[in-house]
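What follows is the residue order along each chain.
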Amino acid sequence: MLVLALDTSTAACAVALVELGAPPAGPLVRASRVVWDARRHGELLAPMMRDVLAAAGVRPPEVRAVVVGAGPGPFTSLRVGMVTGAAFAAALGVPAYGVCSLDGIGAATTGPVGVITDARRREVFWARYQDGTRVGEPGVGAPATVAADLRAAGVERVTGPGAGLYPDAFAGFGTPPAGGPGELTGSGEQSGSDAQGGSGAQSGSGGLSGAEPEYPAPEVLARLVAADIVAGRDPGPLTPRYLRRPDAAEPRGPKAVTASRPEPVRSATAATGTASAGAASAGTMPV
Amino acid sequence: MRTPARPLVLGIETSCDETGVGLVRGGELLADALASSVDEHARYGGVVPEIAARAHLEAMVPTIELALDRAGLHPRDVDAVAVTSGPGLAGALLVGVAAAKAYALALGVPLHGVHHLAAHVAVDTLEHGPLPRPAVALLVSGGHSSLLLVPDLAAEPVESLGATVDDAAGEAYDKVARLLGMPFPGGPPIDAAAREGSPHIPFPRAKAGDGTFDFSFSGLKTAVARWVEARRRAGEPVPVADVAASFQEAVADVLTAKAVAACRAHGVDTLVVGGGVAANSRLRALAALRCEAAGITLRIPRPGLCTDNGAMVAALGSLRVEAGVEPSPLDLPASSTLAL
């Protein structure tokens, strides 16, 4: 049973085609791609899906389910993955399952671990894991606060692409064991196993239980809902985990445009117009 | 990729606060579904980009399925997917563009990224048939105020003759409405109030005689504010209906005068008016009057097709597919400032 899985909740745009086999065999990664570029998920994702399918020699209608990392993650890139997964599934008439993106990293860890990703605005998204199982809901917060919360919970190790961004806050924590795909940081394309080459490398024990991934690995997300997919369980609504409200302030009353003291009328008028146009483009766009 | 003689085109529009999906086959509109987040923006006095983008994600697939249901069609019946790739709100555009790519990839059909303003012109062909070449189009909404020369919608690029140098006309409506204590969006309440008023207050017609096809509405908005503030300061009642009528007259006057002048300057005998402000009663009446006097055929789609919708994108996509225009690549970017 072929499952297309994807995640766009971090700077990594990641796609995997996973074959869910009978229990002893476990899931097999047929092809995967990851490209690190925080600002181009919208342009990268669809061609990467096309390439992953082509590398495995699979036509879209052969895909029986879609798995999507549902965040938390920066809103714009997160939405690219969510709507792409939902639309691809709807076009084919197959279910789309949402999985907490942090689980794509945390599920591959052992012991008590904090998974940290970048939330921008000097904050991180995070969740706590115990032997690969998430404890509680993911959160968003200042790195120092998150670090203190993790320490208080007895966590001494953090992983994920957000931890390295705040070395001071997470200085006292251990890092993931070496040898994983941690070398993936930076820009460039990593082709995972595909039908032609090295599928053995990642499929030995399901292709999923190697070192800790540095980004939410789509194949891990697929594994987490494999039982639901195989059993044909209803995926429920595909809901993004934004964890933040939209930035929007209700306007005060209109500003007076008539000056209360003498002023150079023309330039004042022009300046007012410019300022209000700037505010409009930053905050709201009139219909 | 198959391209039948009368391909079924799915059109997706998400450039602002409307999630629009249309289905067009051979110039015929089969379905037009719309989800709007306008009520969520009303309390902020304008469209909040993040709220719009979230609403698009929620509404995208259900709106596509609603359109297909209404037409009694299945996704596999779709022969091509068209989508507004710009201009508009970046985060909002991205949702529609990503959805369009996913449908195109899953169904194995071509993708066509189209320009929002060209789609506003193309939608008129659904109601009034093929456009004469060339035509002039006046597009007025909360985000745009443009005069376009349209040689051939499918093949040649649309040429911008002029545009607002500051606020869009619809934006001026929203700001004046707020000043007068009316709700957002400001077009409908001002139009309603104006019917009871007299347009006797001489608000300025900026750029009216400057020989260009550009517009400016920021100064008009400020002039209205100054006039109203002067009454309030003097403790006099504000004649809201007269202010609304006079403001509306100033907007409609300069828009229609320049549109007719553009037709004359380019020897064009057909004017298409579109965009949300094209639903305005005074703009429609004055355009009709002036076009008739000038011997120009006026074409305005019904109000539901003037505001943002998916049918307009499907209409333009349909013209492009049938003309054999090269499809867009799957890495098509969403461009908030897409040029014509």
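Residues numbered from 1 in each chain as written. Chains lettered and ligands numbered in written order. Predicted model: local features only at pLDDT ≥ 70, side-chain atom pairs only at ≥ 80, totals over all residues. Heavy atoms only, no water.

### Considerations on the interface of chain A and chain B
Facing 48 residues of chain A, the contacting portion of chain B comprises 49 residues. Of the roughly 4,200 Å² buried where chain A meets chain B, counting both sides, 67% is carbon and sulfur surface. For the interface between chain A and chain B, the tally reads one salt bridge. Residue B:Glu50 is joined to A:Arg79 by a salt bridge in which the shortest nitrogen-to-oxygen separation is 2.9 Å. Summed over the shared surface of chain A and chain B, the result is three residue pairs in polar contact (both at pLDDT 80 or more). Secondary structure elements with two or more residues in the side of chain A that touches chain B: helix 1 (41–55), helix 2 (75–92) and helix 8 (265–283) of chain A. Broken down by element, the side of chain A that touches chain B gets its largest block of residues, 13 residues, from helix 2 of chain A. Taken together, the residues of the side of chain A that touches chain B break down into 29 nonpolar, 10 polar and nine charged. (Contact = heavy atoms within 4.5 Å. Buried area = accessible area lost by both parts, 1.4 Å probe. Salt bridge = Lys/Arg side-chain N within 4 Å of Asp/Glu carboxyl O. Polar contact = N/O pair within 3.5 Å; in protein donor to acceptor, adjacent residues only side chain to side chain. Helix = DSSP H or I, 4+ residues; strand = E, 2+ residues; numbered from the N terminus. Nonpolar A, V, L, I, M, F, W, Y, C, P; charged D, E, K, R; others polar.)

### Some details on the pattern of salt bridges
Residues and elements named next belong to chain A. In this structure the tally under the stated criterion is 27 salt bridges over all chains. Ionic pairing is found between Asp-103 and Arg-134, a salt bridge with its closest N-O pair at 2.8 Å. Of this pair, Asp-103 sits in helix 3 (residues 103–106) while Arg-134 sits in strand 8 (residues 133–141); the two residues are 31 residues apart in sequence, bridging distant segments of the chain. Residue classification places Asp-103 among the buried positions, given a relative accessible area of 11%. We classify Arg-134 as partly exposed; its relative accessible area is 21%. One network of salt bridges, with partners in common, ties together Asp-103, Arg-134, Glu-137 and Arg-241. (Buried < 20%, exposed > 50% of the residue type's maximum accessible area, 1.4 Å probe, protein only.)

### Some details on the UniProt feature "binding site: substrate" (unreviewed entry) in chain B
All names here are of chain B. Here, UniProt's "binding site: substrate" (unreviewed entry) annotation points to Leu-139, Val-140, Ser-141, Gly-142, Gly-143, Asp-174, Gly-187, Asp-191 and Asn-280. Tracing the chain through its elements places Ser-141 in the loop between strand 6 (135–140) and strand 7 (145–150). Using a relative accessible area of 13% as the deciding quantity, one classes Ser-141 as buried. For Ser-141, the side chain forms a polar contact with the main-chain nitrogen of Gly-143, separated by 3.2 Å. By the secondary structure assignment, Gly-187 is in helix 7 (residues 187–194). For Gly-187, a relative accessible area of 22% puts it in the partly exposed group. With residues up to four places along the chain from it excluded, the contact list for Gly-187 reads Tyr-173 and Asp-174. (UniProt positions renumbered as here; feature names shortened; annotations may be inferred.)

### Things to note about the domain arrangement of chain B
Residue and element names in this part refer to chain B. Split by domain assignment, chain B resolves into domain 1 (8–123 + 309–322) and domain 2 (132–301). Its C-alpha centre places domain 1 at a distance of 27 Å from the equivalent point of domain 2. Of the roughly 1,200 Å² buried between domain 1 and domain 2, counting both surfaces, carbon and sulfur atoms make up 82%. Of all residues in domain 1, Leu-117, His-120 and Val-121 give up the largest surface area on contact with domain 2, accounting jointly for 43% of the area buried on that side. Summed over the shared surface of domain 1 and domain 2, the result is zero salt bridges. If you look at where domain 1 meets domain 2, you find zero residue pairs in polar contact (both at pLDDT 80 or more). Of all elements in the fold, only helix 1 (38–42), helix 4 (116–122) and helix 12 (310–322) reach the threshold of two or more residues within the side of domain 1 that touches domain 2. It is helix 4 that provides the largest number of residues to the side of domain 1 that touches domain 2, a total of six residues. Taken together, the residues of the side of domain 1 that touches domain 2 break down into 11 nonpolar, five polar and one charged. (Domains from an automatic or database assignment.)

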